[in-house]
Each structure stands twice: as structure tokens, then as C-alpha cells.
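The residues making up each chain are set out below.
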Amino acid sequence: MRTVPGRTDHVVVVGAGLAGLSAALHLLGAGRRVTVLERDGTPGGRAGRLDLGGYRLDTGPTVLTMPELLDEALSAVGSSLREHVELVPLHPAYRAEFADGSAIDVHTDAEAMEAEVRRVAGPVEAAGYARLRAWLTRLYRAEIDRFIGANFDSPLDLAGPALAKLAALGGFGRLGPAIGRFVRDERLRRIFSFQALYAGVAPERALAAYGVIAYMDTVAGVWFPKGGMRAVPDALAAAASGAGAKFHYDTTVTRLERTGERVTAVHTADGERIACDAVVLTPELHTSYRLLGHTSRRPVALRYSPSAVVLHAGSTGSWPRLAHHTISFGREWGRTFTEIIDAGVPMSDPSLLITRPTASDPGLAPDGRQLYFVLAPCPNLRAGPLDWARIGPRYRDELVAVLEARGLTGFGAGIEAEHLVTPADWAAMGHAAGTPFAVAHTFAQTGPFRPANLVGGVANAVLAGCGTTPGVGVPPVVISGRLAAQRITG
Ligand SMILES: Cc1cc2nc3c(=O)[nH]c(=O)nc-3n(C[C@H](O)[C@H](O)[C@H](O)COP(=O)(O)OP(=O)(O)OC[C@H]3O[C@@H](n4cnc5c(N)ncnc54)[C@H](O)[C@@H]3O)c2cc1C
């Protein structure tokens, strides 16, 4: 593994999102002095927060998987997740609702899920589910250390028995068909393949290797931190501070000072100069490249993931059939991906993630109220350059109408506080292509082919975060922080 040469005593980490916080913890654990510079007033980045009329909103991730990775980062400084956060395991992990009126609870417990599959689809499908679960588990074990949790210097690093094993498991086939070999029921196929969208790719086109995401949320489990997702970055930042990291919030990095191939100092918008021996950059890829003066030499332009419209609603209304996470599937499926990825138009028959965090922590809303987070995947601004400032309010009304038509009667009338986020807002936050989900996990942007965490011509800068390896989502970016730290510490 290539590492940063020379002195690395003081490392500046740019960005206190989950990747930056993870990098900071791992660097502190390896004895480095760490300064974290963050443009926002709080840690978390995309794992963001907003307080609105007594409602405590999570503006980013809601599905927390693989908390042991957070624990790993915290243990680098002798702390643990349990010391900081009360995690609630979600049962079911999701509830899936379908256009035919049926619903399936997705349990992470093997027996409970087999029983649920038997109930909705019969014994043959239940046996198929058991085989699918075993396959997802083998896939995860084959990938986690060798592919997801490893630094690559070249695609050749992949060659060897681990690659052969992944190929033998069918990891280089397509996810949709791979799932279909285990379960035939269309509803079950969706439940175990929709996660491809988290990777920014349609299930029919995603690498089967991305079944690991389905492993993470349907087998390993989904959790919710009491106090909301903000409790996670708060915990990581508190542990890093406790271990000696210096945090500068409301501090935007504007320039990197260089001497030859080395970054020697970081300059901020306030005119401060902070000398460093190495730097970890976690902003969007294009921002990090700009700071480094780097131009990508990729022959084909990067492809970005679809974006999302999120409607946050503080409400007097309560619908007990909504679990903590409910996926409301439309009748359409294949066409949905064509619309948002290829045609660049909103879903005509939307599939939605409806999260009700107050199901697990009523304290996130005023007494007797509920908090809802409705996420609608939509085209990014390159696939569909839509004028969201104009169509956003109308789309919001359409979403409310869809929810009401699907049985959440009075959803619109119950809303007493709301916040709508569209691709125009993501773009205003600096996210390329108006998507917060970074570059898609196409084959050409996966593993050693994803933008690397080392950049040619700069000896002591390492990238971390969702734009680089291994990719998008809480588990990958926490791993990316560790990978960046390992580039520095060896
Ligand atoms: C709506 C939404 C829903 C999601 N749902 C899920 C989910 O359910 N489960 C899941 O696992 N993942 C989910 N994700 C994805 C996950 O949240 C992200 O992949 C992850 O949080 C990205 O972390 P990061 O550290 O790479 O980037 P960021 O969080 O963006 O961190 C980068 C940090 O750098 C700071 N910064 C940028 N430029 C500068 C500068 N010049 N100077 C100083 N600081 C700077 C930013 O303010 C930011 O804090 C979701 C994301 C969103 C937005």
C-alpha cells in the first residue's frame, strides 16, 4: 500500500462529516496531532440536522447499518459507541407496502423473516429466502476486508483468490437477476434489490457485488440512535475532542499552500493559516480536486447518482401502520429507474421511503406529534436539468397526494411544520449534479476504478468521503476515513 512519505505529525482534516470524523479518530489513535476544519457550525456534514418548531429533524441518513464500524473508529481512541449513544435495533428493519395492498415486514432475524416470507409467498419462497440470506452473507464476508475495507494502488491489487471467490459467488453478474435466482415473488425481489439505488444504479444494472448493501440492512440489521442521527456525529466529535483533536467550526478552507509536492499549510476564509504535515480532504470530489489543483484524467466523465426530494413533516397525524421505516412501492418498478436515471424525469408512479423517527424516539417531536421524512428518488441535475425552484412546491403537493391515495388519509392537513429539500438545494450546498449521493457505483466507478484516495502529484494529501473509495453511505464513508488514516500512518 502506498503511504504518505515523510513527516506526518500534524494532520489537518478538512470536513467534520462522518468520513472526516472517522479519519480524525483513527489518526488520533495512531498518535497524530489532529486539527479538524469544518465550514458548518456543527459536525455531521450530510448527516445533518435542523430544528423546526420543536421538531428535531435529521436531514441526511436515516437508515443506520453496521454500527460496529462507528465503534471501531471510537475504539481507536479508547472509547465506544455505547459510551455515547443509545442505539435502538429496529424490528422490523423496514415495512414494505405494495400497490396490491399487501405488506411485508423485513425482519433481520432469520427465523422471523422466513416465517414472514412463508406467510406472504409460501414455503418454496421461504426456502429461497434462506438460501438468499446465506449467499448475501458469503458475499459480504468475501468483500468486506479485501474489497470494501482495503486501499488499492492499482486494479492489479484485486487479482488473487479473493477475486476468484467473488467471481465464483457471482459478484460480477447483475444484482436483479442474481436475487431472482433465489426468490421469484416480485415483491421479495424488490425488497432485496432496491438497495442498488443507494449505490446510484438500477438493480438490473448494478453489480451483484452490491448485494452487500442488502446484507447490511436485511441481515446485519438497522438501528436508530436515540436523539436522532445527529447523536452519531456528535459522539464521534466528542470522542475526538476528548482525545485531543482541535475543532474549528464555521471555518471554510479556501486554499492549500504547497511547497513542491507537499501541502504545507491550509488557508481559511477568515484569513487563518494552519501549518500541517499532511491533509485529509473530505469535501465533494470537485472541491477537493480544486483545492489540490488537480484535473481528473479519466477518459469518460464521472456519472452521478440520482438525487432525492425530501419532505420533512412535523405532524399532528398518526398512522400506526407506518413502521420506523416504510417503503411504499409504486406499481411500476423497471420504468421508475429508467425515468430517474435515463430519461431525467420524476417518477410517474413513485416508490418512497417514509421514515417516522418518532416511532423509536417520541422526544424528537413535541408531545403527541409525529415526525415524518419522505424521500423520493429523482433525477440528478445532469440527467434532468429541471427547474426545482419552480416545480418543487407542485411536486411536494403531488407527494402528499400520493401518500393520501395510498392510505395516509389527511397527511397534508396534519402537517404543522415542514421543510422541503430538492436537487436545487443540494446543488446550493455544493453537491455536484445536485445530488447528495456523489458519483454512482457503476462498474467503472467501483473499487479500484472509483476516484482514488491518493492524487497524483501531491505527496501528503489523502481524500476520504463518499466521492472516493469505497463509496456512498454511512458504513463506506466511515471506512473511507480509516483508509485515509492508514495511507498516512501506514
Ligand atoms: C437525504 C440523505 C439520505 C441519506 N440516507 C442514508 C441512509 O439512510 N443510510 C446511509 O448509510 N447513508 C445515507 N446517506 C448517505 C450518507 O449520509 C453520506 O454518504 C455520508 O454522510 C457522507 O459523508 P462524507 O463525510 O463523505 O461527506 P459530508 O458529510 O458531506 O462531509 C464533508 C464535510 O466537509 C465540509 N466541507 C466541505 N467543503 C469544505 C471546506 N471548503 N472547508 C471546510 N469544510 C468543508 C462539509 O460541510 C461537510 O461537513 C444519505 C444522505 C442524504 C443526503
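All residue numbers refer to positions counted from 1 along the written sequence of the respective chain. Local features in this predicted model are restricted to residues whose pLDDT is 70 or higher, and side-chain atom pairs enter the listing and the counts only when it is 80 or higher, whereas totals over whole chains, interfaces and linings include all residues.

Comments concerning the overall build of the protein chain
Right, on to step 1. Secondary structure elements follow DSSP: runs of H or I of four or more residues count as helices, runs of E of two or more count as strands, with numbering from the N terminus. Counting its secondary structure elements, the protein chain contains 16 helices and 20 strands.
Right, on to step 2. This radius of gyration counts C-alpha atoms alone. The globule rule is 2.2 Å times how many residues there are, raised to the power 0.38. The C-alpha radius of gyration computed for the protein chain amounts to 22 Å, which stays within 12% of the reference 23 Å derived for 490 residues, consistent with globular compactness.
Right, on to step 3. Counting only C-alpha atoms, the protein chain reaches 65 × 55 × 45 Å along its principal axes.
Right, on to step 4. Neighbour counting defines burial: a residue surrounded by 20 or more other C-beta atoms within 10 Å of its own C-beta is buried, one with 12 or fewer is exposed, and intermediate counts give partly exposed, using backbone-placed C-beta atoms. Every one of the 490 residues in the protein chain was classed for burial, and the buried ones make up 54%.

Quick word on unusual backbone geometry
Right, on to step 1. Across the junction of His 91 and Pro 92, the peptide omega takes the value 0°, indicating a cis bond.
Right, on to step 2. Tracing the chain through its elements places Pro 92 in the loop between strand S6 (87-89) and strand S7 (94-97).
Right, on to step 3. The step from Thr 469 to Pro 470 runs through a cis peptide bond, and the omega angle for that step is -5°.
Right, on to step 4. Positive phi values are uncommon outside glycine, yet Met 66 reaches one of about 50°.

Side note on the sheet that holds strand S5 (residues 64-65)
Whether parallel or antiparallel, the strands of a sheet pair through hydrogen bonds between backbone atoms.
Right, on to step 1. Strands sit in the order S5-S9-S6 across an open sheet of 3 strands; the sheet is antiparallel. Sheet topology places S5 and S6 at the edges, where each strand pairs with a single neighbour.
Right, on to step 2. At least two bridges found by DSSP between two strands is the condition for calling them paired. Two strands pair when backbone bridges link them, and S5 and strand S9 (residues 222-225) are joined in this way by 2 bridges, in the antiparallel orientation. Each bridged residue has a counterpart across the sheet, and for Leu 64 the counterpart in S9 is Trp 223.

Let's talk about the packing of helix H1 (residues 18-29) against helix H16 (residues 474-489)
Right, on to step 1. Axis definition: a line fitted to C-alpha atoms, limited for helices to the stretch in contact. Angles are taken between N-to-C directions and run from 0 to 180 degrees. H16 packs onto H1 with a crossing angle of 40° between their chain directions and a minimal axis gap of 7 Å. Taken together, the axes of H1 and H16 are oblique relative to one another. In this structure, H1 crosses over H16, and the sense of that crossing is right-handed. Each of Leu 18, Ala 19, Gly 20, Leu 21, Ser 22, Ala 23, His 26 and Leu 27 in H1 lies in contact with H16, whose residues at this interface are Val 474, Val 477, Val 478, Ser 480, Gly 481, Arg 482, Ala 484, Ala 485, Ile 488 and Thr 489. For classification purposes, an angle smaller than 35 degrees is called roughly parallel, one larger than 145 roughly antiparallel, one from 65 to 115 roughly perpendicular, and anything else oblique. Helix crossings get a hand from a simple test, with the near helix turned counterclockwise from the far one by less than a right angle marking a left-handed crossing and a clockwise turn marking a right-handed one. The contact rule is simple: place each C-beta atom from the backbone, and if two of them lie within 7 Å, those residues are in contact.

Remarks on the site of the ligand
Right, on to step 1. The criterion for a residue being near a molecule or strand is a backbone-placed C-beta atom within 6 Å of that molecule or strand. Around the ligand sit 32 residues in total, of which Gly 15, Gly 17, Gly 45, Pro 61 and Gly 465 are the nearest.
Right, on to step 2. Mapped onto the shell around the ligand, the elements with two or more residues apiece are H1, strand S15 (307-315) and H16.
Right, on to step 3. A total of 3 residues in the shell around the ligand trace back to one element, the largest contributor, which is H1.
Right, on to step 4. Along the lines of polarity and charge, the residues of the shell around the ligand split into 17 nonpolar, 11 polar and 4 charged. Each residue gets one of three labels, nonpolar for Ala, Val, Leu, Ile, Met, Phe, Trp, Tyr, Cys and Pro, charged for Asp, Glu, Lys and Arg, and polar for the others, Gly among them.

Looking at the nonpolar core
Nonpolar side chains in soluble globular proteins tend to be buried together.
Right, on to step 1. The term nonpolar core refers to a group of buried residues, namely Ala, Val, Leu, Ile, Met, Phe, Trp, Tyr and Cys, whose C-beta atoms join them within 7 Å. If you look at the biggest cluster of nonpolar residues, it comprises 152 residues, and the most contacted ones within it are Ala 24, Leu 25 and Val 279.
Right, on to step 2. Here Ala 24 is in contact with Val 13, Val 34, Val 36, Ala 240 and Ala 245, once residues within four sequence places are set aside.

Let's talk about the sheet that holds strand S8 (residues 103-106)
Right, on to step 1. Taken in spatial order, the 7 strands line up as S8-S7-S16-S17-S18-S15-S19 in an open sheet, and their pairing is mixed. Strands with a single pairing partner mark the edges of an open sheet, and in this sheet they are S8 and strand S19 (415-421). Within the sheet, the average angular offset between the axes of one strand and its neighbour, ignoring direction, is 20°.
Right, on to step 2. Here 4 bridges tie S7 to S8, and the two strands are oriented antiparallel to one another. Looking at S8, one finds that Tyr 94 is bridged to Val 106.

Comments concerning the packing of H1 against helix H10 (residues 231-242)
Right, on to step 1. One can describe the packing of H1 onto H10 by two numbers: an axis separation of 10 Å at closest approach and a directional angle of 30°. It follows that H1 is roughly parallel to H10 by the angle criterion. Helix-helix and strand crossings are classified by hand; for H1 and H10 the assignment is left-handed. Taken together, the residues of H10 that come into contact with H1 (itself represented by Leu 18, Leu 21, Ser 22, Ala 24, Leu 25 and Leu 28) are Pro 233, Leu 236, Ala 237, Ala 239 and Ala 240.
Right, on to step 2. Residue composition of the contact of H1 with H10, grouped by class: 10 nonpolar, 1 polar and no charged.

Quick word on the domain arrangement of the protein chain
Right, on to step 1. Entries for the protein chain in the domain assignment read domain 1 (10-52 + 61-86 + 227-301 + 440-489), domain 2 (110-119 + 126-220) and domain 3 (305-433).
Right, on to step 2. On the domain 2 side, the residues contacting the 22 residues of domain 1 number 18 residues.
Right, on to step 3. It is H16 that contributes the most residues to the side of domain 1 that touches domain 2, 6 residues altogether.
Right, on to step 4. Residue classes in the side of domain 1 that touches domain 2 are distributed as 12 nonpolar, 9 polar and 1 charged. Each domain's extent is set by a domain assignment, obtained either automatically or from a database.

Notes on helix H2 (residues 67-75)
Right, on to step 1. Buried residues of H2: Pro 67, Leu 69, Leu 70, Ala 73 and Leu 74, and no others. Buried positions in H2, seen along its axis, are confined to an arc of 155° and lie on one side of it. It is the directions from the helix axis to the C-beta atoms that the arc portrays.

Here we look at the pairing of S7
Right, on to step 1. The antiparallel pairing of S7 with S8 creates a hairpin that spans 5 residues between the two strands, and Gly 101 there sits at a positive phi of about 90°.
Right, on to step 2. Relative to strand S16 (residues 325-328), S7 runs parallel, the two being bridged by 3 bridges. Bridged to Glu 97 within S16 is Ser 328.

A word on H10
Right, on to step 1. Counted at 1.5 Å a residue, the expected span for H10 with its 12 residues is 16 Å, and the 16 Å between its end C-alpha atoms agrees.
Right, on to step 2. Residues Ala 231, Val 232, Pro 233, Asp 234, Ala 235, Leu 236, Ala 237, Ala 239 and Ala 240 constitute the buried set of H10.
Right, on to step 3. Buried positions along H10 lie against H1, H2, helix H3 (81-84), S9 and strand S10 (246-248).
Right, on to step 4. Phi for Gly 244, located one or two positions after H10, is positive at around 110°. Multiplying 1.5 Å by the residue count of a helix minus one yields the expected span of that helix.

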